[in-house]
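Residue strings, one per chain:
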Amino acid sequence: MVIRALYKVFRNPAYVALSLFTGAVVFAFAVWLPNIRLIAAVLGSPEASFAQKLALPISLLGSIATNFTLLSASYTVAIAVLFGINLAMVAYFVRHRVAAARQSGIAVGFLGLGSGILGTGCAACGSFLLMNGLTFAGASGALVFLPLGGAEFGVLGTVLLAVSIYLTAKRIQNPAVCGVNR
Amino acid sequence: MTSQNNLFIPLAIVIAGALIAGAVYLGQRGDASGVTSPTEAWQEEARLAAALENMAPVTAADHIRGSTEAPVKIVEYSDFECPFCKSFHPTMQRVMEEYGDRVAWVYRHFPLDQIHPKADKEAEATECANELGGTDAFWKYTDRLFEVTPSNNNLDPAELPRIAQYIGLATQQFNECLSSGRHAQHVEDDTQNALATGGNGTPWSIIVAADGTKYPLSGAQPYESLKQLIELALKGK
C-alpha cells in the first residue's frame, strides 16, 4: 500500500523536487544548527569574499561525518529523507482531498520533525537544543539517565515520521468517498 | 486543479520552514514562554555576540602550541572524555602542521562533569604534567591522553600515572600533584570562562583574528571548515 501510494505521488516530478528540496533544507539545518551564529557572522562579514561565504556553509555540511555518531548521523539523514517524503505526500494529499486533510498523518509528521530536532546534537558532548532546554529547566543531568544520551528523541522522530508516511499513504490509497447505502 | 489548491504546496513548505525555524530559535533561547519581540530577539543575538568578548585574554599562563606571536589564535575549550574532542584533536594537529607559526593553538579545559565525571581529574593531570615538565610536557600528556582514552568516561584512572611515566615524568611527584587537587581551581576557572563565552558543548573553539574579530566554532568540525575560518582570520591582519 505504501509503495503504491509513493508511486502515485512521486511519478509527478514536482513532488520529487519538493521532497528533495525539503529533505536538503532539513538536513542542512540539522547539520548547521550548532554553528548558526558562526554562519551568520561570516555571511555578514565584510572581510569574507563571496567564495568564502559560500565555502564555509558547504564545508560545515561535512560535520555529519565528524560531529555526529553513527547513530545520530543515521537518524539525522533518515529524518531529512522521511520529512521530505512526508511533506510531498501531505502536499499531494491536501491538493486532492482538502476536506480530509486534518485526518492525515500531518500532525504526527510534525511531531516527528520536532522530536528529531530535539535529538539533533544530543549525541555531541553537551548536546545542543535538548541540553539548552534542560539546562533552562535545571535538569541537564537528566541526559545521563537516558540510555542513548538523548538520541532517543532522534529515533522517536524517525519512527513518528515513518508512521506519518504510513498514515498519509493509507489516506491516499483509500479514497474519501461517501459509502453507498444498501 | 483549482488555483486555490495550487497554493497548498508553497504553504506547506512555509509551515514546515516556520516550524523548524521556531524550534531552532526557541532551543537556542532556552525560553519556555515562546513569546518574544523583535527587540528581545535582537538583544539576545547581541548578548550572544558580546559573550565572546568574555573570553579570558591569551597570556603566557595559557597552554600554547605554536608561536605566541601568531596572527591567528584558536582557543579551544575541551573535555578529555568527549569523543568529539578526541576526534577534533588530530584536526588541530593538522592545522598546526599546515599553518606553523601563523596559528597559535591555545588549550583550555571544559570538562562536562555531569556526563563525564572523570574528565575533571584528567584535566588536572595535564596541569600536573605542565607543573612538572612545562608546556612541552603538557602537550605530550594531552596528545597521549587523547590517544589512549576510549572516551565517554571510560578511561581507567590508573592510566593517568602511566601516561606521566610514558612521557618521562616522575610518577611519584605526579601522583602527589594529582592527589593534592591544587590545579582544580585552574580547571574550574577555564570551565567558567568557557560558559561565559557562550560554550554549551565540547569542543568549543574561538578563532581570534589579529584584528580581534572572534569566530565561534562549535563541535568537531571538518578540517576544511577550520581552514576556511583561519584563512578569513588571516585576512583580518
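A quick note: this is a predicted structure, and the numbers were derived from the prediction, not measured.

## Some words on helix H9 (residues 151-173) of chain A
Taking 1.5 Å per residue, 23 residues should reach 33 Å; H9(A) reaches 33 Å between its end C-alpha atoms and fits that length. Taken together, the buried positions of H9(A) are occupied by Ala151(A), Gly154(A), Gly157(A), Thr158(A), Leu160(A), Leu161(A), Ser164(A), Ile165(A), Thr168(A), Ala169(A), Ile172(A) and Gln173(A).

## Some points on the pairing of strand E5 (residues 214-218) of chain B
For E5(B), the buried fraction is high: 5 of the 5 residues fall into the buried class. Where burial is concerned, the two faces of E5(B) agree: the one with Lys214(B), Pro216(B) and Ser218(B) and the one with Tyr215(B) and Leu217(B) are both buried.

## Overview of the environment of Tyr166(A)
Secondary-structure assignment places Tyr166(A) in helix H9. The spacing of Tyr166(A) and Leu156(A) is 10 residues in sequence and 15 Å in space, taken between C-alpha atoms.

## Quick word on the sheet that holds strand E1 (residues 63-65) of chain B
All names here are of chain B. With mixed pairing, 5 strands are arranged side by side in an open sheet as E1-E3-E2-E4-E5. Pairing within the sheet leaves two strands with one partner each, and these edge strands are E1 and E5. Across the sheet, the axes of successive neighbouring strands diverge by a mean angle of 20°, strand direction being ignored. Pairing analysis gives 5 bridges linking strand E4 (residues 204-208) to E5, with the strands arranged antiparallel. For isoleucine 206, the partnering residue across the bridge sits in E5 and is proline 216. Along the sheet, helix H4 (residues 83-99) contacts E1, strand E2 (72-78), strand E3 (103-109), E4 and E5; its crossing angle with E3, the most-contacted strand, is approximately 155°.

## A look at unusual backbone geometry
Residues and elements named next belong to chain B. Cis geometry is found at the peptide bond from threonine 202 to proline 203, where omega equals -10°. With respect to the secondary-structure elements, proline 203 resides in the loop between helix H8 (184-196) and E4. Positive phi, close to 75°, is recorded for serine 151, a residue that is not glycine. Positionally, serine 151 belongs in the loop between helix H5 (119-148) and helix H6 (159-166). Serine 151 gets classed as buried once you look at its relative accessible area, which sits at 2%. At asparagine 153, a position not held by glycine, the phi torsion is positive, near 70°. Here asparagine 153 lies in the loop between H5 and H6. Here asparagine 153 falls in the buried class, since its relative accessible area comes to 18%.

## Topic: the packing of helix H2 (residues 13-32) of chain A against helix H6 (residues 70-96) of chain A
Residue and element names in this part refer to chain A. Between H2 and H6, whose axes approach to 8 Å, the crossing angle comes to 140°. Judged by the twist between their axes, the crossing of H2 over H6 is right-handed. Per-class residue counts for the contact of H2 with H6 are 14 nonpolar, 6 polar and 1 charged.

## Remarks on the pattern of salt bridges
In a structure, side chains of opposite charge can pair up when their charged atoms sit close to one another. Residues and elements named next belong to chain B. This model, assessed by the stated rule, comprises 10 salt bridges over all chains. For lysine 214, the salt bridge goes to glutamate 53, with nearest N and O atoms at 3.2 Å. One end of the pair, lysine 214, is in strand E5; the other, glutamate 53, is in the loop between helix H3 (38-51) and E1, with 161 residues separating them in the sequence. Its relative accessible area of 52% is what places glutamate 53 among the exposed residues. Glutamate 159 is paired through a salt bridge with arginine 162; the nearest N and O atoms lie 2.8 Å apart. Note that glutamate 159 and arginine 162 are positioned in helix H6 at a spacing of 3 residues, about one turn of the helix. Look at arginine 162 and you get partly exposed, because its relative accessible area is 44%. By sharing partners, the salt bridges in this structure join Glu131, Glu176 and Arg182 into a single network.

Conventions and cut-offs
Residues numbered from 1 in each chain as written. Chains lettered and ligands numbered in written order. Predicted model: local features only at pLDDT ≥ 70, side-chain atom pairs only at ≥ 80, totals over all residues. Heavy atoms only, no water. Helix = DSSP H or I, 4+ residues; strand = E, 2+ residues; numbered from the N terminus. Expected span 1.5 Å × (residues − 1). Buried < 20%, exposed > 50% of the residue type's maximum accessible area, 1.4 Å probe, protein only. Pairing = 2+ DSSP bridges. Axes fitted to C-alpha atoms, helices over the stretch in contact; angles between N-to-C directions. Contact = heavy atoms within 4.5 Å. Left-handed = near helix turned anticlockwise from the far one by under 90°. Nonpolar A, V, L, I, M, F, W, Y, C, P; charged D, E, K, R; others polar. Salt bridge = Lys/Arg side-chain N within 4 Å of Asp/Glu carboxyl O.

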